[in-house]
Every structure is written in C-alpha cells, then in structure tokens.
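Per-entry structural report
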Amino acid sequence: MPARTDSNSQRRSVMTRSMTTSRSLSKKQKAEESYSETSNDDMDDDDDTRDRRKIHADLPSEYWQIQKLIKYLKGGNPTATLIALCSLRDFDLSQDICQIAIRDVDGLEALVNLLDTTEIKCQIASLKILKDISQSKPISRSLTDLGAIQSLIRLLSSTVADLQCLAAETIANIAKLTRARRLVRKDGGISKFVSLLNIPANTNIEVLKEDTQAVELLRCAALGLCSLSKSKKNKRKMKSSGLIQHLSKLITLEVETILVPVVATLSECSVDPEYRAAICEGGIIQYLSKFLESENQELVSHCAKAIFHCAEDDLTRTLIRQHNGLEPLVRLIKFTENVSMLDGVTGAIWKVAIDRENCKVFKDLKLCESLVPLLHSQPEEVMINVAGSIAECAKIPENIEQIRKAGGLTHLVNLLSGTNPTLLINVAHALGKCATEPDSATIIDKYDGVRLLWSLLKSPNPQVQSSAAWAICPCIDNNKDAGEMVRSLVGGLELIVSLLKSDNREVLASICSAVANIAKDEQNLAVLTDHGVVPILSKLVVAHAGDEYVKGHIADAIGRCCIWGNNRKEFGSRGVVKPLVRYLKSKDTFVYKAAAMALFHLSLEPENCVVMHENHAKQWLVNMVGDDDWILQEAAAGCIANIRHLALANDISKSGR
C-alpha cells in the first residue's frame with residue numbers, strides 16, 4: 001500500500017467502500033433468507049440484550065477509543081484504515097466491552113466489507129480481528145447475519161496463503177453455530193476446505209514439514225472441517241469430497257499442530273458407520289494407537305475418543321490390540337485431573353473390552369484395580385464408561401476377583417441410587433456379570449444390591465428395566481437363600497408378573513428369564529401363580545412365536561412354572577402345547593432346548609401328550625435324543641416316553657373292551 005494518496009486514490013477508496021457496502025447489503029439479504037430455517041442457535045437471540053445491560057454510565061475509555069477507530073474504517077483512506085485496524089488489535093478484543101463497542105457503531109459490517117476489497121493488507125488485518133472476536137457466539141451470529149460466510153468462502157480460493165489460513169480459521173470459529181455450518185455447505189465451502197488438505201503426489205514430505213506456511217494452512221483447513229463435521233449432512237458431503245483419503249495422508253506426517261485438528265475431525269466423523277469402515281480400511285487405526293503415547297493431552301484425548309467410536313466394530317478392536325494400543329490406555333487412567341481425556345480413555349477401554357481377547361490382556365495389566373477408584377468422585381460421563389468397562393471385563397472370572405478385592409462391588413451398588421439411565425444400565429450390567437460368581441453375589445445381596453436392582457424395575461425406561469432384570473437373574477441363581485431373599489421384597493413378585501405385559505421385547509426376555517429363576521423356589525412359584533403368571537405366559541407363547549430372541553425365554557419360563565399345582569393342565573387348556581412343538585423346529589439351540597424342557601414337564605399331563613402326538617412332536621424329539629447335551633437328551637427322551645406310555649395305555653384300554 002502506498003504511503004500517500006492523491007485525489008484519484010481517494011475517489012477509488014470512496015467507490016470501493018460504496019461497492020462493498022452494496023454487496024454487503026445483498027449478502028445480508030441472502031443470509032436473512034436462509035435464516036428462515038430453524039436453528040438451534042435461535043435460542044440465544046437475546047444475548048445482545050444481555051450484553052448491553054452491562055453498559056452503564058461509567059463506560060471505560062476503551063469503549064470510546066474503539067468507536068473512534070471504527071470511524072476511520074468507514075471513512076479513512078487505505079493507509080488510515082490499515083493503521084486503525086492495527087490499533088484495534090492492540091486492545092483485548094476478547095473482552096465483552098470491546099466487542100460491544102465494535103458492534104454499537106456497526107464495526108462488524110465495516111470489517112466484513114473490507115474482506116471484499118483488493119487491498120490485501122487490509123484484508124489480512126481485518127481477518128485477524130475477525131478471527132479473534134468470532135470466538136464469541138453473539139459475534140459469530142452477527143457475522144453470519146451480515147453474510148460474512150460468503151466472503152470468507154471466496155477467500156479460501158485466494159492465491160495468498162495468509163488470507164486462506166485466516167479465512168479458514170475464522171470459519172472454524174463461526175461454524176460452531178448450526179446455521180453457519182449449513183451456509184458453508186450450501187455455498188460450496190466444504191469442497192474448498194477439503195481441497196486445501198490435498199498434498200500432491202510428488203511432494204517431498206520432509207520439505208513440507210519444514211514449510212511453516214504450508215503446515216499452518218493444513219492446520220487451519222483441518223480446524224474448519226472439524227467444526228463443520230458436527231453436522232450429519234456436512235459429514236456426508238465431506239466424505240463424498242474424499243476427506244478420508246486426505247486425512248489418511250495428513251496423519252502420516254506426524255506433525256503435532258496438524259494432528260490435533262485432524263484427529264479431532266476423525267473423532268467427530270467416526271460416529272458414522274461408513275466413516276468407521278473407511279478409517280479402518282485407510283490404515284488410520286495404527287496411528288491412533290501410536291499417538292496414545294503422545295505427551296500432548298489434547299491429541300491423546302481426540303485419539304481415545306476416535307477409538308471409542310471406531311471400536312464399535314470387531315475388526316477395529318482386534319487392530320488396536322495388534323498395534324499395542326491397550327497398554328497405553330491403561331496407563332492413561334492415572335491422569336484423572338484431565339476430565340476430557342479421562343472420558344475418552346475410559347470410553348475407549350469400554351469398547352475395546354467387548355473383545356474377549358482384549359479382556360485377557362487387561363487382566364494381566366490389572367486394569368480393573370485401576371478402574372474401581374474411578375467409580376466415585378468423577379463426572380457421570382466418566383463413571384458411565386468405567387461401569388461399562390467393568391461390565392465387559394467381568395466376562396473373565398479373574399477380572400471379577402480383581403473387582404471384588406478392590407471393593408468395586410460396594411461402589412457399584414452405591415451407584416444404583418442414581419438417576420442417570422445410561423449409568424444405571426451399565427452398573428446393572430456390571431453387577432449382573434459379577435454376580436455369576438457366588439462370592440460376589442453374596443456381597444451384592446449383603447449391601448442391599450438386589451433390592452436396589454429390583455427397584456429399578458419400576459423405572460419408566462425399558463432399557464433400565466431389562467438391564468436390572470438380567471442382573472437379578474444371577475443374583476438369584478447364585479444365592480443359597482434366594483427364595484427367602486425374593487420373598488422379603490414386598491410387592492416384588494407382583495411387579496415381575498406385571499412386567500410380562502410389557503411391549504418391549506428386551507424387557508419381556510429379561511423378565512421371563514427372571515421368572516424362570518424365581519420359579520425354582522416352590523413358594524415363590526405359588527405366589528407367581530396366584531398373580532396370574534400362567535395365563536400371561538400362555539398369551540406370550542403365541543404372540544411372540546416369530547421372535548427367536550424372546551420365545552426361548554418364554555419357553556424356559558413355562559417349563560419352570562409347570563411344576564406347581566395344576567399349572568401343567570392350565571397351560572394345556574390355554575393352547576400352549578401346539579406352539580411349543582413348533583418351537584422345536586427352531587435353529588436356535590436355546591429355543592429348541594427350552595421348548596423340549598417345557599414339553600417334557602407338560603407331557604406329565606395326559607391331555608398334553610395327545611396334542612403333542614397330533615402335532616408330530618415325536619419326530620423332532622427323536623433327533624434331540626442323540627444330541628451332545630445330556631440335559632436335552634433326557635428331556636427329549638422323557639417326553640417321548642410319556643407320549644408312548646399314554647399311547648400304550650390307550651391301546652390296552654381299547655383291547656380290554
């Protein structure tokens with residue numbers, strides 16, 4: 001920019017301001033049209049009012065100084081404009097009063113107008129200010145209304161790298177608003193952002209790493225995409241633009257300043273199953289595992305969260321083990337002061353622990369001993385992950401022992417008094433797994449865990465109900481005084497029977513399983529019968545005949561309930577036998593085994609044997625006699641024997657006539 005100006009340059013300056021003002025008006029109209037769409041950010045519309053309430057009669061000198069400088073932006077020549085912009089940057093623009101001063105005299109509009117001039121130095125200076133103040137939501141909202149997004153997107157195509165960097169970083173700040181993200185997508189900004197990540201095939205990587213400006217441009221572009229990726233539609237557009245291929249190259253650079261926004265973008269996108277598959281295929285998992293060793297906690301946090309999402313898939317869980325990612329995760333648990341990182345790390349552990357082989361590794365690393373202290377005095381999101389991790393690790397008996405010795409059971413029982421549904425679900429799962437060991441089941445009962453689990457059956461959340469019911473089953477099965485324990489719960493059996501009327505299949509399956517365990521005690525079975533368990537199960541066996549998951553548990557409950565009073569006869573009269581014979585044709589082992597057991601108990605009633613014979617149950621039962629499961633063998637053989645005895649008695653009766 002020249003040091004002095006003549007009359008021609010002044011006229012050009014006036015013309016430029018006039019043209020940019022008219023363009024800003026058209027952009028403002030365009031932004032206002034798009035604003036007709038609803039947005040999550042509309043809830044904050046009264047931020048301006050709240051800001052202005054802070055202004056009293058005693059305004060600080062900065063307020064008036066900033067307003068004077070803004071006037072130079074509107075009416076000064078290029079040199080004066082540049083000086084005013086530089087002077088503005090001397091103020092702490094993160095302060096509310098400074099931002100209010102800019103807005104009160106339409107300073108934002110002046111700054112946005114400068115983006116459309118041909119004076120590069122003015123553009124850069126304006127962008128530096130916009131980049132700083134756009135971290136404020138009210139400012140970002142105002143910039144969106146003024147049409148700044150369109151000008152910023154145009155600057156992404158500039159040949160000046162500084163303009164591209166500053167424009168990208170400013171968009172990254174503004175795109176934290178839903179409406180701004182939508183505008184960037186509609187105005188073609190996403191494809192421009194993705195193209196900024198492109199590294200030509202013949203590029204010397206070592207030279208690129210030393211190129212500060214190139215690295216900064218890659219960082220800013222990745223930062224912008226990270227903000228934009230919070231929208232589902234944006235994620236789809238980014239994927240179709242080839243984002244994953246570019247990120248796969250960038251992650252191999254191992255430049256920390258680039259890695260943080262790159263991995264943050266991967267973490268955000270990995271929520272989508274298609275992205276997870278692409279991340280796995282792109283060889284990114286090995287780098288995520290490697291970067292868990294980084295000293296940069298922000299990078300580690302993003303890596304852990306990306307693993308948390310990606311580890312929903314079996315292959316990813318295996319790859320993390322193969323690339324030595326399990327041990328760093330265990331070591332990172334000790335950084336309890338960094339809640340964000342701890343949340344990501346515990347979440348990653350939870351998901352990778354779904355793999356049984358990973359649980360064995362965690363056993364050797366004594367993970368459960370480190371997890372137990374995190375079950376208290378931590379934010380709920382961390383405790384949710386910890387409880388989920390313990391539930392998965394408890395698949396290994398040695399891990400249950402570690403949990404019990406570390407005092408984990410008492411902490412888990414204490415968490416049952418909470419209200420967070422996800423936490424309650426994970427805690428119930430953990431207690432259910434631990435209760436498969438008799439010593440743990442005893443401790444859970446001792447600390448009132450069974451009563452608290454039973455109280456969760458009253459929850460309006462079906463997932464909480466089902467997880468509690470599943471946890472109750474091993475608590476009953478592994479308790480020596482289970483019958484008395486259940487009877488001590490006032491109204492407990494009535495509640496169980498009422499839940500058999502649930503429309504949720506998971507609740508039905510878990511409650512039927514609970515009924516099967518409760519019915520092992522005759523006194524409790526008598527109470528269940530009095531509450532009408534037989535007619536309800538009789539309806540369920542027909543209503544859910546097509547649901548492989550539920551019908552096995554229904555058959556199991558029916559078989560257990562047959563041993564009391566006239567239940568066998570009542571089941572037969574209510575048409576249970578015929579659908580159970582059909583269950584024998586199932587390919588699910590649990591279903592046909594439960595059906596065979598139920599039919600064996602029902603076959604002790606002669607009328608039921610007649611129905612079995614008429615529906616050709618014998619041809620299916622004969623095949624089961626040769627099964628490797630001796631319990632199934634005995635049930636099938638006993639059922640066939642009862643049918644034959646009835647047939648023989650009938651023949652004798654006929655010949656006697």
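1. Some words on the overall build of the protein
Assigned secondary structure in the protein consists of 44 helices and 0 strands. Considering the protein as a whole, with its 657 residues, one finds that 53% of them fall into the buried category. Of the contacts made within the protein by residues no fewer than 6 positions apart, 74% connect residues no fewer than 24 positions apart. As presented, the protein carries roughly 29700 Å² of accessible surface, and 50% of it is formed by carbon and sulfur atoms.

2. So, the packing of helix H12 (residues 189–196) against helix H14 (residues 212–228)
The relative placement of two packed helices comes down to the angle between their axes together with the axis-to-axis distance. Packing of H12 against H14 leaves a shortest axis separation of 8 Å and a crossing angle of 145°. Judged by the sense of rotation from one axis to the other, the crossing of H12 with H14 is left-handed. From H12, Ile190, Phe193, Val194 and Leu196 reach across to H14, where they touch Leu217, Leu218, Cys220, Ala221, Gly224, Leu225 and Leu228. Residues of the contact of H12 with H14, tallied by class, amount to 10 nonpolar, 1 polar and no charged.

3. Here's the deal with the pattern of salt bridges
For the structure on display, the rule yields 27 salt bridges. Here Asp116 and Arg154 are joined by a salt bridge, their closest N and O atoms 3.3 Å apart. One end of the pair, Asp116, is in the loop between helix H6 (107–114) and helix H7 (120–133); the other, Arg154, is in helix H9 (residues 148–155), with 38 residues separating them in the sequence. Lys290 is paired through a salt bridge with Glu254; the nearest N and O atoms lie 2.9 Å apart. With Lys290 in helix H19 (residues 285–290) and Glu254 in the loop between helix H16 (243–253) and helix H17 (256–269), this residue pair connects regions lying 36 residues apart in the sequence. Through salt bridges with shared partners, a single network forms among Glu169, Glu216 and Arg219.

4. What about the nonpolar core?
Within the largest apolar cluster, 222 residues are counted, with the highest numbers of intra-cluster contacts made by Trp454, Leu457, Leu537, Ile558 and Leu580. Apart from the residues lying within four places of it in its own chain, the contact partners of Leu537 are Leu500, Cys512, Ile554, Ala557, Ile558, Cys561 and Phe571.

5. Describing H6
For H6, a buried count of 7 out of 8 residues is recorded, marking the element as mostly surrounded by other parts of the structure. By the burial criterion, the buried members of H6 are Gly107, Leu108, Ala110, Leu111, Val112, Asn113 and Leu114.

6. Observations regarding the side chain of Ser502
Looking at the secondary structure, you find Ser502 in the loop between helix H34 (492–499) and helix H35 (505–518). Among the polar contacts made by the side chain of Ser502, one reaches the main-chain amide nitrogen of Asn504 at a distance of 3.1 Å. In this view, Ser502 contacts Val507 and Leu508; residues no more than four positions away in its chain are not counted.

7. Description of the environment of Asn426
Among the secondary structure elements, Asn426 is positioned in helix H29 (residues 421–434). With a relative accessible area of 5%, Asn426 lands in the buried category. Once the C-alpha coordinates of Asn426 and Leu412 are considered, the two residues, 14 residues apart in sequence, prove to be 9.6 Å apart. Setting aside anything within four residues of it in sequence, one finds Asn426 in contact with Trp350, Ile384, Ala387, Gly388 and Ala391.

8. Observations concerning the environment of Arg321
Residue placement: Arg321 occurs in helix H21 (residues 314–322). Put simply, Arg321 and Val352 are 31 residues apart on the chain and 8.5 Å apart in space, counted from C-alpha to C-alpha. For Arg321, the contacting residues outside a window of four places in its chain are Leu326, Asp355, Glu357, Asn358 and Val361. Looking at Arg321, its side chain comes within polar contact range of the side chain of Asp355, at 3.5 Å.

9. Things to note about the packing of aromatic side chains
Counted under the stated rule, the structure contains 3 aromatic pairs. When the ring of Tyr287 is compared with that of Phe291, the centres are 6.1 Å apart and the planes differ by 40°; the resulting orientation is tilted. Judged by its relative accessible area of 18%, Tyr287 is buried. Residues Phe308 and Trp350 carry aromatic rings whose centres are separated by 6.3 Å and whose planes lie at 35° to one another, so their mutual orientation is tilted. Note that Phe308 is positioned in helix H20 (residues 297–310) and Trp350 in helix H23 (residues 339–352), a separation of 42 residues in sequence. For Trp350, a relative accessible area of 14% puts it in the buried group. Positioned over the ring face of Trp350 is Lys351, at 4.1 Å from the centre of the ring.

10. What to know about unusual backbone geometry
Although it is not a glycine, Lys366 adopts a positive phi angle of roughly 55°. Take Lys366: it is sitting in the loop between helix H24 (356–364) and helix H25 (367–371). Its relative accessible area of 44% is what places Lys366 among the partly exposed residues. Even without glycine at this site, His616 takes up a positive phi of about 60°. Its place among the elements puts His616 in the loop between helix H42 (606–614) and helix H43 (617–625).

11. Considerations on the side chain of Asn173
Considering the arrangement of structural elements, one finds Asn173 in helix H10 (residues 161–174). On the basis of relative accessibility, which here comes to 11%, the residue Asn173 falls in the buried class. Among the polar contacts made by the side chain of Asn173, one reaches the main-chain carbonyl oxygen of Lys131 at a distance of 2.9 Å. Setting aside its immediate chain neighbours within four residues, Asn173 contacts Lys131, Ser134, Gln135 and Ser140.

Conventions we followed
Residues numbered from 1 in each chain as written. Predicted model: local features only at pLDDT ≥ 70, side-chain atom pairs only at ≥ 80, totals over all residues. Heavy atoms only, no water. Helix = DSSP H or I, 4+ residues; strand = E, 2+ residues; numbered from the N terminus. Buried < 20%, exposed > 50% of the residue type's maximum accessible area, 1.4 Å probe, protein only. Contact = heavy atoms within 4.5 Å. Areas by Shrake-Rupley, 256 points an atom, 1.4 Å probe, with all protein chains shown as cover. Axes fitted to C-alpha atoms, helices over the stretch in contact; angles between N-to-C directions. Left-handed = near helix turned anticlockwise from the far one by under 90°. Nonpolar A, V, L, I, M, F, W, Y, C, P; charged D, E, K, R; others polar. Salt bridge = Lys/Arg side-chain N within 4 Å of Asp/Glu carboxyl O. Core = buried A, V, L, I, M, F, W, Y, C linked by side-chain atoms within 4.5 Å. Polar contact = N/O pair within 3.5 Å; in protein donor to acceptor, adjacent residues only side chain to side chain. Phe/Tyr/Trp six-rings, centres within 6.5 Å; stacked < 30°, edge-to-face > 60°. Lys NZ or Arg CZ within 6 Å of the ring centre and 35° of its normal.

From the geometry alone we can't say anything about function, so treat these as descriptive.
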